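# A look at the structure
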Amino acid sequence: MSNEDLMQKIVSLCKKRGFVFQSSEIYGGLKSAYDYGPLGVELKRNIMAEWWKAMVHEREDIVGIDASIIMKPDVWKASGHLSSFTDPLVDCLICKERFRADKAEVVEQGSDAVISFSDKGKAKVALETLEKMGHDLKRNGKEITGATAERNYVCTNCGSPFLSEEKNFNLMFKTSLGAVDNKNEIVQMLLDNKDLSKNELIKKIEDIESKSAVYLRPETAQAMFVQFNNVMNSMSMKLPFGIAQQGKSFRNEITVEHFIFRSCEFEQMEMEYFCYPEQSKEKMEYWKETRFNWYIDRLGINKEKLRLRAHDDDELAFYSDSCYDVEYAYPWGWDELEGIASRTDYDLKQHEKHSKVKLQYFDAERINPETGKKGMHFTPYVIEPAAGATRTTLMVLIDAYDEEPGVDGKEGRTVLRLLPRLAPIKVAIFPLVKKDGMPDKARTIAKRFTEKGINCKYEEQHAIGKRYRRHDEIGTPFCLTIDTQTMDDDTITIRYRDDMRQERINIEDALSIILEKLN
RNA sequence: GCGGGUGUGGCUCAGUGGUAGAGCUCCAGUCUUCCAAACUGGCUGCGUGGGUUCGAUUCCCAUCACCCGCUCCA
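Calculation notes
Residues numbered from 1 in each chain as written. Chains lettered and ligands numbered in written order. Predicted model: local features only at pLDDT ≥ 70, side-chain atom pairs only at ≥ 80, totals over all residues. Heavy atoms only, no water. Helix = DSSP H or I, 4+ residues; strand = E, 2+ residues; numbered from the N terminus. Buried < 20%, exposed > 50% of the residue type's maximum accessible area, 1.4 Å probe, protein only. Contact = heavy atoms within 4.5 Å. Areas by Shrake-Rupley, 256 points an atom, 1.4 Å probe, with all protein chains shown as cover. Lys, Arg positive; Asp, Glu negative; His and termini not counted. Charge placed at Lys NZ, Arg CZ, Asp CG, Glu CD. Near = heavy atom within 4 Å. Polar contact = N/O pair within 3.5 Å; in protein donor to acceptor, adjacent residues only side chain to side chain. Domains from an automatic or database assignment. Pairing = 2+ DSSP bridges.

### With respect to the overall build of chain A
Within chain A, the regular secondary structure consists of 16 helices and 27 strands. Referenced to the eigenvectors of the C-alpha coordinate spread, the extents of chain A come out at roughly 95 × 75 × 50 Å. Looking at the 519 residues of chain A, the share that counts as buried comes to 48%. When contacts within chain A are restricted to residue pairs at least 6 apart in sequence, long-range pairs at least 24 apart make up 65% of them. Accessible surface for chain A amounts to roughly 27,100 Å². Of this, 49% is attributable to carbon and sulfur atoms. One way to put it: in chain A the 76 positive side-chain charges average out to a point 3 Å from where the 87 negative ones average out.

Written as C-alpha cells, this is what we have:
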C-alpha cells in the first residue's frame, strides 16, 4: 500500500465510521476546519486524558489550569506574538513568488533591476507579460533589463521590481471585543482626513480598530506564564514545578496540509516546567526522554516510527537555548508531534517587564550572592514540552491502521490496532441472534460495564460476523457474545480484536478480565 | 500564494450534450446459532454560482473544498 493510499484510506475511514468530518460540509466545506464525530471525540479525549493523567494526576510537581482563549492583547505584545507574528508579505507580479519584504535583500532605490529566469522560454513569457503591463523592456537570453527598482528591495526569486503592495499577514486571528461597531468612527475619520495618503489612512484605521481588538490565542503557553504567581501562591508550589494546560489554539497558517495535521484551529497539550537556572539542562534531558517514552508506553506507538530530533542552531528561536522535536514517520515523511524547548527565563521576564509585576520565585534557603545572606528572589528557567493533540490523534490513527488479507476464501479485514485504553468503544456486546431473551440479557451485561465507566456498546443489527468486522475497523478491542448456552449456564464468548481469538468465560469474570486488559 | 490533479448516493467508482448506473453500506421483511451469508423490497447523488445551448452532470468561466509538489511554518 502506498503512502498516499494510506492517507486516503484513513481520511475515508474517518468519515465512514464517524471519526472526523469536514467542517460545514453541506455548505461546501471550510478550509482546514474539521469536526470530530462520535468516535473521533472519544479517541481524542482518551488521548488527552492519558496526557493529563501522566502529566498532572500522577505527579506531585505539576498542576493544571484551563485559561480563557481570549486574553488581554498586552499578553501578545509582551510575548512577541503581535510583532513577530505579523509578516509583511509581497507577491512578485512576474514570477508569482511570495516573500517577506523584511527578509528580501536590500537594493538601492532607483537602481537598475535585472530580472533573470532559469531558461529563455520563461524569460520570453515574462517579457510578454511585462509588455501587456505596458513596460518596454529588453530581453537578453535568460535576462530582462531596463527596469528600475522602485523600492529598496526586489523579488527574492527573479529580481523583478514589479511587486504587489506589502500586505501585513498576521498569524493571529483578530476579532473585536464588545458589541460596539467602530465603522462610524472609521468613516468619520476618513471624511475628516481626505488629504492623507493611503498608508497614513491605514495606520489611522488600525489605531481605531486596535482599541477593541483582541486575539484568539496562538498557543496555550502564555496563560501559564501570566498566571505564574496565582498558581504558585494558591497551590504553595516549590521549585521545580510545572503548570499544564490543554486546549484550542488558533493560527492563520499560510499553508494548511495533511488533513487534520496542520489546521488553523488546533488543540494543544502544553506544560511549562519551572526550575532553578542551573537545573535547566538536566530537566531538559529528563523531559525529552519522558515525553518521547510517553508515546511508546502510554499510547502504544511503534517505536521505530518515532524519533527525537535536536533543532539546529539556525532553527532555534532567539530566546531558546535548546529544542528537541518528537517526530513521527507520517505517510508524507518525518514530521513534528511535539516540541520540547528550553525557553530560559525569557517569557517570565517579558511579562514582568510589560506588566510591571514581579514574576519571581523566592527561595528562603538560598544564599543571595549580593548580600551574603539567606533568602533570594530570582526568575526561574522553563522547559516547555508542547504537544499537538490534534496531530497526535492523526498519528495514533495512522499507527493503528492495518489491513489483513482474507484467507481460505474469507473476506479480508481492516483493523485499528489501538491500545485498548485509547479505543473509542472498549467493549461491544452482542446477542448472537435477536431472540430467545438474548437481547435483554446482553443489555443487562452492557449496563454493568457502563456503570463502571467503561464505554460499552450494545448492538443487535446485522449478522454476527459483520458486527465483529465493523468493530475491528473502529478499534474495539473486545466483543462479548450472548448465545443459547449463555441462557443455560451464564457463560459468554469473548472475542479479541487483534487475533480474532474466542474464549468462553463466565459472565462474572468478564468485567475483571476486561478491566485488567485495559490497564 | 504558485503549479498539477480531483470533485457523480453514506463509501469506492463507471458514464453521457437529451436530467444517470454498479458494488458495498444503510433501512424494512423473510431466514439466520460465531467472523462483512442468502432472498425480496426500499431510501439517498452529478460541490457551488454564472455562461453557451431548445436542452448542461457532460462544453466554457468563476468560485469553494480536498490531494500531490513548491513556498511558508513565531
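### Describing the protein's contact with RNA strand B
Close contacts around RNA strand B come from 43 residues, with K15, R251, R262, Y468 and Q502 the closest. Per the 4 Å cut-off to the protein, sugar and phosphate atoms form 56% of the nearby atoms of RNA strand B. In the environment of RNA strand B, a base nitrogen lies 3.0 Å from a nitrogen or oxygen atom belonging to the side chain of T493. Elements with a minimum of two residues in the surface near RNA strand B: α1 (3–16), α4 (81–84), β6 (98–100), α14 (464–473) and β26 (491–496). When residues of the surface near RNA strand B are assigned to their parent elements, the largest contribution, six residues, is made by α14.

### Some details on the environment of V382
Position of V382 relative to the elements: it lies in strand β20 (residues 381–388). Each residue touching V382, except ones within four places of it in the same chain, is listed here: F225, E272, Y273, F274, A341, S342, R343, T344 and D347.

### Topic: the domain arrangement of chain A
Its domain assignment divides chain A into domain 1 (3–82 + 216–397), domain 2 (87–170), domain 3 (178–211) and domain 4 (409–518). In this structure, domain 1 and domain 3 have C-alpha centres spaced 38 Å apart.

### What about the sheet that holds strand β11 (residues 174–176)?
Strand order in the open sheet made by the three strands is β4-β12-β11, with antiparallel pairing throughout. Two strands bound the open sheet, and with one partner strand each, they are β4 (70–71) and β11. Of the pairings in the sheet, the one linking β4 to strand β12 (residues 213–216) comprises two bridges and is antiparallel in character. Considered in β12, the bridge of I70 is made with L216.

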